[in-house]
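Close look at the chain arrangement
So the chains spell out like this:
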Amino acid sequence: MRTTARPFMLLLLAAWLALQFDPAKAAWPDRTITLIVIFAPGGSNDLLGRLMAVELSTALGQSVVVENRPGANGNIGLTAGARAAPDGYTLTVASGVVFINPSVSKVAYDPIRDFAPIAYLGDSPNVLLTRPASSIASLKDLLEKAKAKPNTLTFATPGVGSVSQLAVELIKVRTGAEFIHVPYSGAGPAAQAAIAGTTDFASVNIAGLIGHVQSGTLKALVQTGKDKWPDLPDVPTMEEAGIPNAVVDTSQVFLAPAGTPQDILDRLAKETQKILQKPDVREKMLKASFAVKYEGPEQLRARTAREVPMWKELVGKAGIKPQ
């Protein structure tokens, strides 16, 4: 009897131990990972997402596929990312709109509660541009004209509540100048408005516009990053132009759904840091008008907690109503 019972008890013990050990978790990743990109193909968010997908596929030994989920200024993709199963198989590469959108539109996610931060990937500045034939020679000149005739100068942006609009709204807050906002459907149409003289100037992200500036199609007045952009060495930063504390970058972040196991988040953060340290990756990103500036999960968590209320305050001062 004892001889028969002992193997049976050992089998029960082995079965119990197997239940305590989660093979799916230990084997992650054992199937394809989906990387949600919140904007349409061709933009900086898409280019970065595809580069990350290629590098992560190699690092993790598993396929990583990009799924573009554009619409509603990123809200469609962000909602999908927030609602995905927290198992490490659906991740999101998002721009800084994740911090801003809750203040300018009705959203179905909370950037603090519904996402687990993996990494801050970096950023790129916005640029204030005008046509070469414009009488506006510099940011100082622009502000003088605006103050002489308030609410007569117009500026184009990629849309209401965009980072590009908020860059100008911050200038207004810092200087007291007043402009009329003319929103367009994207950075391209906004830049074309400045080229055609439909608006007095445009505020757009630097991505894709270097050629216009270098060829003389557009004149850059100022860029909104902390440091000068390598391809625009003669274009001053906001601080150099006389407006301190007015840095507004278009950032890119790497997120997972809240509740994703910590060991998976740690692995992703570690691999992302390694990827962003590669010289060829940094060069490719810079060509896509994106400067690598890695921050880990805790730094991104702190950034999120800091930026969400900061943008809400600026949106309130700008008088932008949630849509």
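In case you missed it, the structure is sitting above this.
A brief look at the structure comes next. No experiment lies behind these values; they were computed from the predicted model shown. (Residues numbered from 1 in each chain as written. Predicted model: local features only at pLDDT ≥ 70, side-chain atom pairs only at ≥ 80, totals over all residues. Heavy atoms only, no water.)

Let's shift gears to the overall build of the chain. For the chain, the helix and strand inventory stands at 12 helices and 10 strands. Expressed along its principal axes, the backbone C-alpha trace of the chain runs to roughly 100 × 40 × 30 Å. A burial count over the chain gives 49% of its 323 residues as buried. A fraction of 78% describes how many contacts in the chain between residues 6 or more apart in sequence connect residues 24 or more apart. Within the structure as shown, the chain displays about 15,100 Å² of accessible surface, and the carbon and sulfur contribution to it stands at 56%. (Helix = DSSP H or I, 4+ residues; strand = E, 2+ residues; numbered from the N terminus. Buried < 20%, exposed > 50% of the residue type's maximum accessible area, 1.4 Å probe, protein only. Contact = heavy atoms within 4.5 Å. Areas by Shrake-Rupley, 256 points an atom, 1.4 Å probe, with all protein chains shown as cover.)

Examined against the element boundaries, Thr34 turns out to sit in strand S1 (residues 33-37). Judged by its relative accessible area of 19%, Thr34 is buried. With residues up to four places along the chain from it excluded, the contact list for Thr34 reads Val65, Glu67, Tyr89, Thr90 and Leu91.

Attention now moves to the nonpolar core. If you look at the biggest cluster of nonpolar residues, it comprises 45 residues, and the most contacted ones within it are Leu78, Val98, Leu128, Leu139, Leu142, Phe179 and Val253. Those elements that place two or more of their residues in this core are helix H4 (75-83), helix H5 (97-104), strand S4 (115-130), helix H6 (139-148), helix H7 (163-175), strand S8 (219-223), strand S9 (249-257) and helix H12 (297-318). Beyond its immediate chain neighbours, meaning those up to four positions away, Phe179 contacts Leu142, Leu143, Ala146, Asn151, Leu153, Phe155, Val168, Lys172 and Phe201. Residues Ala119, Leu265, Ile275 and Phe290 belong to the second largest nonpolar core, which totals 29 residues. (Core = buried A, V, L, I, M, F, W, Y, C linked by side-chain atoms within 4.5 Å.)

Residues Leu139, Asp141, Leu142, Leu143 and Ala146 constitute the buried set of H6. Looking at the buried residues of H6, the elements they touch are S4, H7, strand S7 (201-205) and S8.

Moving on to the pattern of salt bridges. Applying the stated criterion to the full structure yields 17 salt bridges. Put simply, Asp110 and Arg113 hold a salt bridge, and the shortest N to O gap is 3.7 Å. Ionic pairing is found between Glu271 and Arg267, a salt bridge with its closest N-O pair at 3.1 Å. Here Glu271 pairs with Arg267, and both are found in helix H10 (residues 262-276), just four residues apart, close to one helical turn. What you see here is one network of salt bridges that share partners, running through Asp110, Arg113 and Asp114. (Salt bridge = Lys/Arg side-chain N within 4 Å of Asp/Glu carboxyl O.)

Looking now at the packing of helix H3 (residues 44-60) against helix H11 (residues 279-287). The geometry of H3 relative to H11 is characterised by a closest axis approach of 11 Å and an angle of 165 degrees between their N-to-C directions. One element, H3, and the other, H11, form an angle in the roughly antiparallel class. As H3 packs across H11, the resulting crossing turns out to be right-handed. Across the interface between the two elements, Leu48, Leu51, Met52 and Glu55 from H3 touch Val281, Lys284 and Met285 from H11. For the contact of H3 with H11, the residue count by class is five nonpolar, no polar and two charged. (Axes fitted to C-alpha atoms, helices over the stretch in contact; angles between N-to-C directions. Parallel < 35°, antiparallel > 145°, perpendicular 65-115°, else oblique. Left-handed = near helix turned anticlockwise from the far one by under 90°. Nonpolar A, V, L, I, M, F, W, Y, C, P; charged D, E, K, R; others polar.)

Right, let's talk about the environment of Gly96 for a bit. For Gly96, the location among the structural elements is in the loop between strand S3 (90-95) and H5. Through-space distance from the C-alpha of Gly96 to that of Thr250 is 6.0 Å; in sequence the pair is 154 residues apart.

Following the criterion strictly, the structure yields four aromatic pairs and no others. With a centroid separation of 6.1 Å and an interplanar angle of 70 degrees, the aromatic rings of Tyr109 and Phe115 are classed as edge-to-face. Each member of the aromatic cluster is reached from another via a ring pair, and the members are Phe155, Phe179 and Phe201. Lying over the aromatic face of Tyr89, Arg31 brings its terminal NZ or CZ to 3.7 Å of the ring centre. The ring of Tyr120 is capped by Arg303, whose NZ or CZ atom sits 3.8 Å from the centre of that ring. (Phe/Tyr/Trp six-rings, centres within 6.5 Å; stacked < 30°, edge-to-face > 60°. Lys NZ or Arg CZ within 6 Å of the ring centre and 35° of its normal.)

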